[in-house]
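Given next are the chains, with one letter for each unit.
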Amino acid sequence: MTSLPFPLAAEPDELAAETGRRLFAGQSEFVKGVVAMSGLPPADRIEVCFAGRSNVGKSSLINALTGTKGLARASNTPGRTQEINYFTQGPDLYLVDLPGYGYANAPLKIVEKWQKLLKQYLSGRQTLRRAFVLIDARHGVKAVDDEIMKLLDTSAVTFQCVLTKADKVKAAEREKVLAQVRGALARHPAAFPEIVLTSSEKGDGIPTLRSIIAHLV
Ligand SMILES: Nc1nc2c(ncn2[C@@H]2O[C@H](COP(=O)(O)OP(=O)(O)O)[C@@H](O)[C@H]2O)c(=O)[nH]1
Ligand SMILES: [Mg+2]
């Protein structure tokens, strides 16, 4: 049997699952929305961030990980969507919800402004351990996703691809999209060699992602 490049992350064993569960059993709170590097909270703990196109499911994934439904409301408030939203997960971790990209009709000025902030954040945040790049399991990697991956290639942060909304695709379609995603990831040196398949709706892949994050803390 040949092993595919970029396999799906294996389900955690009992110990790893427990470590992840314990980390995310801790309190989770919205800290602040940030519009400039000067507004970032002190870099006093590890953080992981979630990037992806608008509507890919970033906020839903953070809700599913933390088990806190109300949390996303904070980051889905109109006006908040262009901010870097910080959440605590227990005392030792920040979860960072990045502004969604790929807005069809956002004014160029705004797009340029957050691109600059994103660039500064991804390359300048010492405590950022991993960027999770969310890709819709129905749509695969689009040109704008590829742009972010290129940015990550040059910013010394490993990124890991998370497929979202797994509950919305049938197995055959999923395999097609996976093949496309694998092809895209192969062109990015900063890509972590495992993909996580998730459904925030059904909970698929959430224990796996929790244990991956716990392993980084
Ligand atoms: N069926 C399904 N819908 C999802 C899932 N994750 C997110 N959604 C829906 O997709 C839409 C956008 O989600 P949201 O988390 O706000 O995306 P964001 O813009 O990336 O933060 C919402 O209507 C969610 O309910 C999922 O795993 N399964
Ligand atoms: Mg959101």
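Here we summarise the structure given alongside this text. Worth saying up front: this structure is predicted, and the values here are computed from it rather than measured.

1. Describing the environment of Leu23
Turning to step 1, where the next piece is worked out: You can see Leu23 is positioned in helix α1 (residues 14–25).
Turning to step 2, where the next piece is worked out: Leu23 sits in the buried class, given a relative accessible area of 17%.
Turning to step 3, where the next piece is worked out: Counting along the chain gives 191 residues from Leu23 to Ala214, while the straight-line C-alpha distance between them is 6.4 Å.
Turning to step 4, where the next piece is worked out: Here Leu23 is in contact with Gln89, Leu93, Ile213, Ala214 and Val217, once residues within four sequence places are set aside.

2. With respect to the pattern of salt bridges
Turning to step 1, where the next piece is worked out: With the rule as written, the count across this model stands at seven salt bridges.
Turning to step 2, where the next piece is worked out: The partner of Glu18 in a salt bridge is Arg21, with the nearest N and O atoms 3.2 Å apart. Taken together, the residues span about one helical turn, with Glu18 and Arg21 both in helix α1 at a distance of three residues.
Turning to step 3, where the next piece is worked out: The class of Glu18 is partly exposed, set by a relative accessible area of 29%.
Turning to step 4, where the next piece is worked out: Residue class for Arg21 comes out partly exposed when judged on its relative accessible area of 44%.
Turning to step 5, where the next piece is worked out: Residues joined in a network through salt bridges with shared partners are Glu18, Arg21 and Arg22.

3. Observations regarding the packing of aromatic side chains
How two aromatic rings sit relative to each other is set out by the distance from centre to centre and by the angle between their planes.
Turning to step 1, where the next piece is worked out: In the structure shown here, the tally under the stated rule is three aromatic pairs.
Turning to step 2, where the next piece is worked out: A ring pair is formed by Phe50 and Phe132, whose centres lie 5.5 Å apart and whose planes are at 20 degrees; its orientation type is stacked. One end of the pair, Phe50, is in strand β2 (residues 46–52); the other, Phe132, is in strand β5 (residues 128–136), and 82 residues separate them in sequence.
Turning to step 3, where the next piece is worked out: On the basis of relative accessibility, which here comes to 0%, the residue Phe50 falls in the buried class.
Turning to step 4, where the next piece is worked out: Aromatic pair Tyr86 and Tyr94: ring centres 5.2 Å apart, planes at 90 degrees, arrangement edge-to-face.
Turning to step 5, where the next piece is worked out: The ring of Tyr94 carries the charged tip of Arg45 above its face, separated from the ring centre by 4.3 Å.

4. Remarks on the site of ligand 1
Turning to step 1, where the next piece is worked out: In the vicinity of ligand 1 lie 15 residues, with Asn55, Lys58, Ser60, Asp167 and Ser200 positioned nearest.
Turning to step 2, where the next piece is worked out: One of the side-chain nitrogen or oxygen atoms of Lys165 is found 3.0 Å away from an oxygen atom of ligand 1.
Turning to step 3, where the next piece is worked out: If ligand 1 stood free it would expose 580 Å²; the protein chains cover 75% of that surface.
Turning to step 4, where the next piece is worked out: No other element matches the three residues that helix α2 (residues 58–66) contributes to the shell around ligand 1.
Turning to step 5, where the next piece is worked out: Considered class by class, the residues forming the shell around ligand 1 number one nonpolar, eight polar and six charged.

5. Some details on the environment of Phe132
Turning to step 1, where the next piece is worked out: Its relative accessible area of 0% is what places Phe132 among the buried residues.
Turning to step 2, where the next piece is worked out: Note: C-alpha distance between Phe132 and Val196 (64 residues apart in sequence) is 9.6 Å.
Turning to step 3, where the next piece is worked out: In this structure Phe132 touches Val48, Cys49, Phe50, Ala51, Gln160, Val162, Leu209, Ile212 and Ile213, once residues within four positions along its chain are discounted.

6. Quick look at the sheet that holds β5
Turning to step 1, where the next piece is worked out: Spatial ordering of the open sheet is given by β1-β3-β4-β2-β5-β6-β7, a layout of seven strands whose pairing is mixed. For this open sheet the edge positions go to β1 (28–34) and β7 (196–197), each flanked by a neighbour on one side alone.
Turning to step 2, where the next piece is worked out: Along the sheet, α2 contacts β1, β2, β3 (84–89), β4 (93–97), β5 and β6 (159–164); its crossing angle with β2, the most-contacted strand, is approximately 140 degrees.
Turning to step 3, where the next piece is worked out: Against the sheet, helix α6 (residues 171–185) engages β5, β6 and β7, with an angle of about 165 degrees to β6.

What counts and how
- Residues numbered from 1 in each chain as written.
- Chains lettered and ligands numbered in written order.
- Predicted model: local features only at pLDDT ≥ 70, side-chain atom pairs only at ≥ 80, totals over all residues.
- Heavy atoms only, no water.
- Helix = DSSP H or I, 4+ residues; strand = E, 2+ residues; numbered from the N terminus.
- Buried < 20%, exposed > 50% of the residue type's maximum accessible area, 1.4 Å probe, protein only.
- Contact = heavy atoms within 4.5 Å.
- Salt bridge = Lys/Arg side-chain N within 4 Å of Asp/Glu carboxyl O.
- Phe/Tyr/Trp six-rings, centres within 6.5 Å; stacked < 30°, edge-to-face > 60°.
- Lys NZ or Arg CZ within 6 Å of the ring centre and 35° of its normal.
- Near = heavy atom within 4 Å.
- Polar contact = N/O pair within 3.5 Å; in protein donor to acceptor, adjacent residues only side chain to side chain.
- Areas by Shrake-Rupley, 256 points an atom, 1.4 Å probe, with all protein chains shown as cover.
- Nonpolar A, V, L, I, M, F, W, Y, C, P; charged D, E, K, R; others polar.
- Pairing = 2+ DSSP bridges.
- Axes fitted to C-alpha atoms, helices over the stretch in contact; angles between N-to-C directions.

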